Amino acid sequence: MTTIPTETRQPGKASLLYDPKIRGYAYQILLLAVVGFLVWSAASNAIENLRAQKIASGFGFWHNAAGFDVNQKLIPFSASGSTYGQAFYVGLLNTLLVASIGIVLSTFLGFFVGVARLSSNWVLAKLAMIYVEVIRNLPLLLQLFFWYNAVLKPLPDARNSIALPGSIFLNNRGLIMPNPQFGPAFQAVVVAFFLAAFAAIAFYIWSKRQQERTGKQYPNGLITLGLILGLPLIVYFLAGQPLSFDLPQQGRFNLTGGLQIYPEFVALLIGLTTYTAGFIAEVVRAGILAVSKGQTEAANALGLRAGPTLKLVVIPQAMRVIIPPLTSNYLNLTKNSSLAVAIGYPDLVQVFTGTVLNQTGQAVEVVAITMAVYLTISLVTSLFMNIYNKRMALVER
Amino acid sequence: MKKFFAAAIAGLGLAVTASAASAQAPSTLAQVKQRNILNCGSNTGLAGFGVPDAQGNWQGLDVEYCRAIAAAIFNDPNKVKFIPLSAKDRFTALQSGEVDVLVRNSTWTMTRDASLGIVFTGVNYYDGQGFMVRKKLGVTSAKQLSGASVCTQQGTTTELNLADYFRANNLKYEVVAFASSDETIKAYDAGRCDAFTTDASGLYAERLKLTAPDDHIVLPEIISKEPLGPSVRNNDSGWFNLVKWVHYAMINAEELGVTKANVDEMLKSPNPEIKRLLGTEGKFGETIGLTPDWVVRIVKHVGNYGESFEKNVGQGSLLKIARGQNGLWTKGGLQYAPPVR
Ligand SMILES: N[C@@H](CCC(=O)N[C@@H](CS)C(=O)NCC(=O)O)C(=O)O
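Structural notes, computed from the coordinates. Given the structure is predicted, the values throughout are model-derived calculations rather than measurements.

Cut-offs used in this document
Residues numbered from 1 in each chain as written. Chains lettered and ligands numbered in written order. Predicted model: local features only at pLDDT ≥ 70, side-chain atom pairs only at ≥ 80, totals over all residues. Heavy atoms only, no water. Helix = DSSP H or I, 4+ residues; strand = E, 2+ residues; numbered from the N terminus. Rg over C-alpha atoms; globule rule 2.2 N^0.38 Å. Buried < 20%, exposed > 50% of the residue type's maximum accessible area, 1.4 Å probe, protein only. Areas by Shrake-Rupley, 256 points an atom, 1.4 Å probe, with all protein chains shown as cover. Lys, Arg positive; Asp, Glu negative; His and termini not counted. Charge placed at Lys NZ, Arg CZ, Asp CG, Glu CD. 1 Å grid on protein atoms, 1.4 Å probe; cavity = no way out; pocket = protein on both sides within 12 Å on 5 of 7 lines; lining within 4 Å. Points joined across faces, edges and corners; volume = space filled by probe spheres on them. Nonpolar A, V, L, I, M, F, W, Y, C, P; charged D, E, K, R; others polar. Core = buried A, V, L, I, M, F, W, Y, C linked by side-chain atoms within 4.5 Å. Contact = heavy atoms within 4.5 Å. Phe/Tyr/Trp six-rings, centres within 6.5 Å; stacked < 30°, edge-to-face > 60°. Lys NZ or Arg CZ within 6 Å of the ring centre and 35° of its normal. Pairing = 2+ DSSP bridges. Axes fitted to C-alpha atoms, helices over the stretch in contact; angles between N-to-C directions. Buried area = accessible area lost by both parts, 1.4 Å probe. Salt bridge = Lys/Arg side-chain N within 4 Å of Asp/Glu carboxyl O. Polar contact = N/O pair within 3.5 Å; in protein donor to acceptor, adjacent residues only side chain to side chain. Parallel < 35°, antiparallel > 145°, perpendicular 65-115°, else oblique. Near = heavy atom within 4 Å. Sits in = over half its atoms within 2 Å of the grid points.

Looking at the overall build of chain A
Of regular secondary structure, chain A possesses 12 helices and 8 strands. Its C-alpha atoms give chain A a radius of gyration of 28 Å, more than 25% over the compact-globule value 21 Å for 397 residues. For chain A, the proportion of its 397 residues judged to be buried stands at 40%. Of the accessible surface of chain A, which amounts to about 22300 Å², a share of 69% is contributed by carbon and sulfur atoms. Taking the 27 positively charged and 14 negatively charged side chains of chain A as two groups, their mean positions are separated by 8 Å.

Considerations on the layout of surface pockets
Looking at the largest pocket, its volume works out to about 730 Å³. Along the wall of the largest pocket there are 33 residues; nearest its centre are Lys-73 and Tyr-262 of chain A together with Lys-172, Tyr-173 and Glu-174 of chain B. Of the residues belonging to the lining of the largest pocket, the class tally is 14 nonpolar, 12 polar and 7 charged.

Considering the nonpolar core
Counting 59 residues, the largest nonpolar core has Ile-69, Val-101, Trp-239, Val-258 and Leu-278 of chain B as the members making the most contacts within it. The contact partners of Trp-239 of chain B, leaving out residues within four places of it in the chain, are Thr-28, Leu-29, Val-32, Leu-38, Ile-69, Ile-73, Asp-100, Val-101 and Val-232 of chain B. In this structure, Leu-268, Leu-269, Ile-315 and Leu-339 of chain A belong to the second largest nonpolar core, which totals 48 residues.

Points about the packing of aromatic side chains
Enumeration according to the criterion identifies 31 aromatic pairs over all chains in this entry. Between Trp-329 of chain B and Tyr-336 of chain B the ring centres are 4.8 Å apart and the planes differ by 65°, which places this aromatic pair in the edge-to-face class. Look at Trp-329 of chain B and you get partly exposed, because its relative accessible area is 39%. Cluster of aromatic residues (ring-pair linked, three or more members): Phe-61, Trp-62, Tyr-84, Phe-88, Tyr-89 and Phe-352 of chain A. Stacked on the ring of Phe-279 of chain A, the Lys or Arg Arg-136 of chain A has its end atom at 5.7 Å from the ring centre. Positioned above the aromatic ring of Tyr-218 of chain A is the side chain of Lys-216 of chain A, whose terminal nitrogen or guanidinium carbon lies 4.6 Å from the ring centre.

Side note on the sheet that holds strand β8 (residues 259–261) of chain A
Strand-to-strand pairing in sheets goes through backbone hydrogen bonds, with the strands running parallel or antiparallel. All names here are of chain A. Overall, antiparallel pairing links the 4 strands, which are arranged β1-β2-β3-β8 in an open sheet. In this open sheet, the two strands that pair with only one neighbour each are β1 (162–164) and β8. The mean inter-strand angle of the sheet, taken between neighbouring strand axes irrespective of direction, is 20°.

Quick word on the interface of chain A and chain B
Each partner contributes to the interface: chain A provides 53 residues, whereas chain B provides 57 residues. Contact between chain A and chain B buries roughly 4400 Å² in total, counting both sides, with carbon and sulfur atoms accounting for 55%. When the buried surface of chain A facing chain B is broken down by residue, Gln-53, Phe-253 and Asn-358 of chain A rank first, second and third, together holding 16% of it. Of the charged contacts in the structure, one is a salt bridge between Lys-136 of chain B and Asp-157 of chain A, with a shortest N-O distance of 3.9 Å. Applying the counting criterion to the chain A and chain B interface returns 20 residue pairs in polar contact (both at pLDDT 80 or more). Secondary structure elements with two or more residues in the side of chain A that touches chain B: α2 (20–52), α5 (140–152), α8 (263–290), α11 (348–360) and α12 (363–395) of chain A. When grouped by side-chain class, the residues that make up the side of chain A that touches chain B number 24 nonpolar, 20 polar and 9 charged.

Things to note about the packing of helix α9 (residues 237–255) of chain B against helix α13 (residues 305–312) of chain B
Residues and elements named next belong to chain B. Put simply, α9 and α13 touch, their axes get as near as 7 Å, and they point 95° apart. The angle between α9 and α13 falls in the class roughly perpendicular. Contacts between α9 and α13 involve His-247, Met-250, Ile-251 and Glu-254 on the former and, on the latter, Tyr-305, Gly-306 and Ser-308.

Considering empty space enclosed by the protein
Residue and element names in this part refer to chain B. All chains considered together, the criterion is met by 4 cavities of 30 Å³ or more. Along its surface, the largest cavity is lined by 21 residues, and Arg-104, Asn-105, Gln-153, Thr-156 and Thr-198 are the ones closest to its centre. For the lining of the largest cavity, the secondary-structure elements that each account for two or more residues are α6 (157–168), α7 (181–189), β11 (195–199) and α8 (200–207). Per-element tally for the lining of the largest cavity: the top contributor is β11, with 4 residues.

Topic: the site of the ligand
Residue and element names in this part refer to chain B. Taken together, the neighbourhood of the ligand is formed by 22 residues, with Thr-44, Thr-107, Gln-153, Thr-157 and Asp-199 sitting nearest. Between the ligand and Asn-43, the relevant distance is 2.9 Å, taken from an oxygen atom to a side-chain nitrogen or oxygen of the residue. One of the backbone nitrogen or oxygen atoms of Ala-87 is found 3.5 Å away from an oxygen atom of the ligand. Within the complex, 99% of the 500 Å² of free accessible area of the ligand lies under protein. Put simply, the ligand lies in the largest cavity. Those elements giving two or more residues to the shell around the ligand turn out to be α6, β11 and β13 (226–228).

Shape descriptors only; they carry no functional weight alone.
Following this line, the structure appears as structure tokens:
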């Protein structure tokens, strides 16, 4: 019989070389170094060769005058005086605009369709199914062309605009609305709005606690609405209505003045929303089906009607399954928004890797920046969705 | 996204092929000969300049330039592969070596010449930018376009001139820029814009694509100089010379009256200028890596400049563009070629 010496059974006493933790770190550092070296050598190689080919390189172009115009811009931009750098921001904001609105709308539509597909109403369920199948099986680019034509073709030209109530006009140049002009005193209204929002949140928390303690329910929705609308409204009138409107006027070609929503934006938004909603609907359906039937039955047994059962019992549990694939649909929508280039919506790819790249000829820099931007947007979206996911996961026990 | 990836790949390709270039690559001419075909960057479809016909054969003034180069090298005008490029992809394609020469109604500008790693070899068509509008608008001059929406193609000089013109004349406008010419003209046709702008030659060509071409007129103003010409990478002066002299050969042939029909006869001409041009005296072709009869090959297969012009954009075409600025210098035009000597 041999006795095993106690020392050998002690982990960590061996040489550092054999420590799995340290080894792990070492490998990771090594990998990072290799990747870093590859990136560095690719970059310096590219710079070297661009110089050899006499192609301008570097980021100096950022501050050069752009010399072109963009129709939809959320920040001031004009051919006279704006730079390529500003063009980048114009494109980026347009991408973020269409992506964020698209995400919100496609979530609503997707949830609706997903729930509808499971509805006991046969017609509704079949309609939802057809929607999902059609939308998911046609290329998005084709759908965008379709929507762009569907938006442009039936609308009258700018001289025969459809006049809607409230000085709103619709024609094939878009939807033209009165443009709000904010007076300086309008700040007070904004402050009032935020105060009201805080108050509403505080009230909500208080009422929840109260409900837990006493079981008494408060009309949260109504009170929130009242606060958020009422308070700013009162302040608005007290401040002497510091808001006027720049009304669209018929010009020789177009309506001038006013706020314009461009057909390219509308077509892209509809295209992205309906397309992504098709996928979200399936995600939602899968999520709901993943919740065991016993949960619904238990809720019914407690006397909950179908609506509250769905809202209070099924969906919160389904969310756990829904959120991860939902995130990837959000990311897809954002990336798909770069198809804007096909229908002339000035998103980041259209403005920056389209016009700026071409006018400066600096493909490497422009493409690198654009890729970095999409990567950042994706990572940030994932980050937020992960945080949300963690919070939802906590609800489960 | 597809477009974006294309650009990304082109960018990466640029970085990679650039490294190949630095390692003493064989000359472009040697590569072309070895490949046994010329890669020519062309328009995606612009009548008169570069467009495939119903049988898929490429036609046009720019196309024939490439055919002339192929004829000079291979004695075969069909040894050309045409690679259609949109306005915004064309220079990247040239930089990255995807094409040997870019002949695609591209304007010669200082930026393009000096900072894209490419050089223009000359001007095969003198052009200028114009506007097209619907007749029913009752507009007779570009100066009346204040407040108009204008459709244009991005990645072009057109986009920049448009901004300049409206700014200089203190006119308001809305620009709607598209990546492809098809989308641009379709959007204009659908009424998205009041005016469509591009090179004047392009206006006449694009008008043919409209549902009712006769409902549209081209306004009289020409707002810019658009010297359109071929370009090559600027790391191969031998290739640059070859491409440049193909154009000069065609101009000189026209000036000396050498045509497709009479070139064989002209070989017997006692005129020393013709003799040098056609290689019956001296070996000028060899100085640019070609055979002494290089011009004979070009003229036989493609014709002289005037012939190519008339066939593709002039009276022999749908466009019916007058020679005007593109006439020979001897006839009051701007086309002028240095002598072969
Ligand atoms: N000459 C201008 C414009 C050339 C240009 O791209 N024109 C358009 C409109 S006629 C075109 O040919 N488009 C065809 C295409 O993109 O394939 C330039 O070099 O920037």
